[in-house]
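Residues per chain, in single letters:
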Amino acid sequence: KKPYKPTEDFEAVINHMRAWDEVGGLNRALIIFPSHDDSPKTQERLVERLKLALPDCVRISHLTPEFGTEEGRRLRAAGFVHDDDYDHYDHNHLLITTPHFSQEEAEKARLDIQIAYYTSDEYGQHVQRKLKRFPYLKECFRHSFDILFHHSGGRIKS
């Protein structure tokens, strides 16, 4: 289970992230996308939620329906799991069927979410404010952009 319910507890997530931000901590968001019920509409909503929360770093992983977990059993019973090769259980392989995304579209969507968030005005202003207060974090932000530049094949300038 996710530690927070997306609609009910989101305010608590934002409050925790703001408190950590105030003391110079880096907020990292781990997003699981896409799930079997995600669509381009949820992709857009996710970017808007990220702009509200303003994490410093975002990592997007594929859903991994672990063997023996309630979620894994539920997805297998519903016929959503298409790959049980345990070597692929690294969060970088799409193991479930997603009705709204092909394998290629799911990979592109993950990257598009990061690019949309990292190039947003909200994120840019957040980084400028944070670096004014904590200039020693410059290399941490630079590292994140270098990774994104590499994964995007140059679609975003680092």
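The present account deals with the structure reproduced in this document. Predicted model only: the values in this text are computed from it and were never measured. (Residues numbered from 1 in each chain as written. Predicted model: local features only at pLDDT ≥ 70, side-chain atom pairs only at ≥ 80, totals over all residues. Heavy atoms only, no water.)

Some thoughts on the overall build of the protein chain
- The helix and strand inventory of the protein chain stands at 6 helices and 2 strands.
- Secondary structure elements of the protein chain, listed N to C terminal, follow the sequence α-β-α-β-α-α-α-α.
- Since a compact globule built from 158 residues should have a radius of gyration of about 15 Å, the 17 Å found for the protein chain is in line with a globular shape.
- Expressed along its principal axes, the backbone C-alpha trace of the protein chain runs to roughly 50 × 35 × 30 Å. (Helix = DSSP H or I, 4+ residues; strand = E, 2+ residues; numbered from the N terminus. Rg over C-alpha atoms; globule rule 2.2 N^0.38 Å.)

Observations concerning the packing of helix H1 (residues 10–22) against helix H2 (residues 40–53)
- Their axes nearest at 9 Å, the elements H1 and H2 cross at an angle of 40 degrees. Judged by the inter-axis angle, H1 sits oblique to H2. Taken together, the residues of H2 that come into contact with H1 (itself represented by Phe10, Ile14, Met17 and Arg18) are Arg49, Leu52 and Ala53.
- Of the residues belonging to the contact of H1 with H2, the class tally is 5 nonpolar, no polar and 2 charged. (Axes fitted to C-alpha atoms, helices over the stretch in contact; angles between N-to-C directions. Parallel < 35°, antiparallel > 145°, perpendicular 65-115°, else oblique. Contact = heavy atoms within 4.5 Å. Nonpolar A, V, L, I, M, F, W, Y, C, P; charged D, E, K, R; others polar.)

Some details on the pattern of salt bridges
- In this structure the tally under the stated criterion is 9 salt bridges.
- The residue Glu71 makes a salt bridge to Arg74 at a minimum N-O spacing of 2.8 Å. Here Glu71 pairs with Arg74, and both are found in helix H3 (residues 70–77), just 3 residues apart, close to one helical turn.
- When its relative accessible area of 39% is taken as the criterion, Arg74 is described as partly exposed.
- Residue Arg110 pairs with Glu107 through a salt bridge whose shortest N-O separation is 4.0 Å. You can see Arg110 and its partner Glu107 sitting in helix H4 (residues 103–118), 3 residues apart, about one turn around the helix.
- By relative accessible area, Arg110 is classed as buried at 12%.
- On the basis of relative accessibility, which here comes to 29%, the residue Glu107 falls in the partly exposed class. (Salt bridge = Lys/Arg side-chain N within 4 Å of Asp/Glu carboxyl O. Buried < 20%, exposed > 50% of the residue type's maximum accessible area, 1.4 Å probe, protein only.)

Points about the side chain of Ser39
- Assignment of secondary structure puts Ser39 in the loop between strand S1 (28–32) and H2.
- Apart from the residues within four sequence positions on either side, Ser39 is in contact with Phe33, His100 and Phe101.

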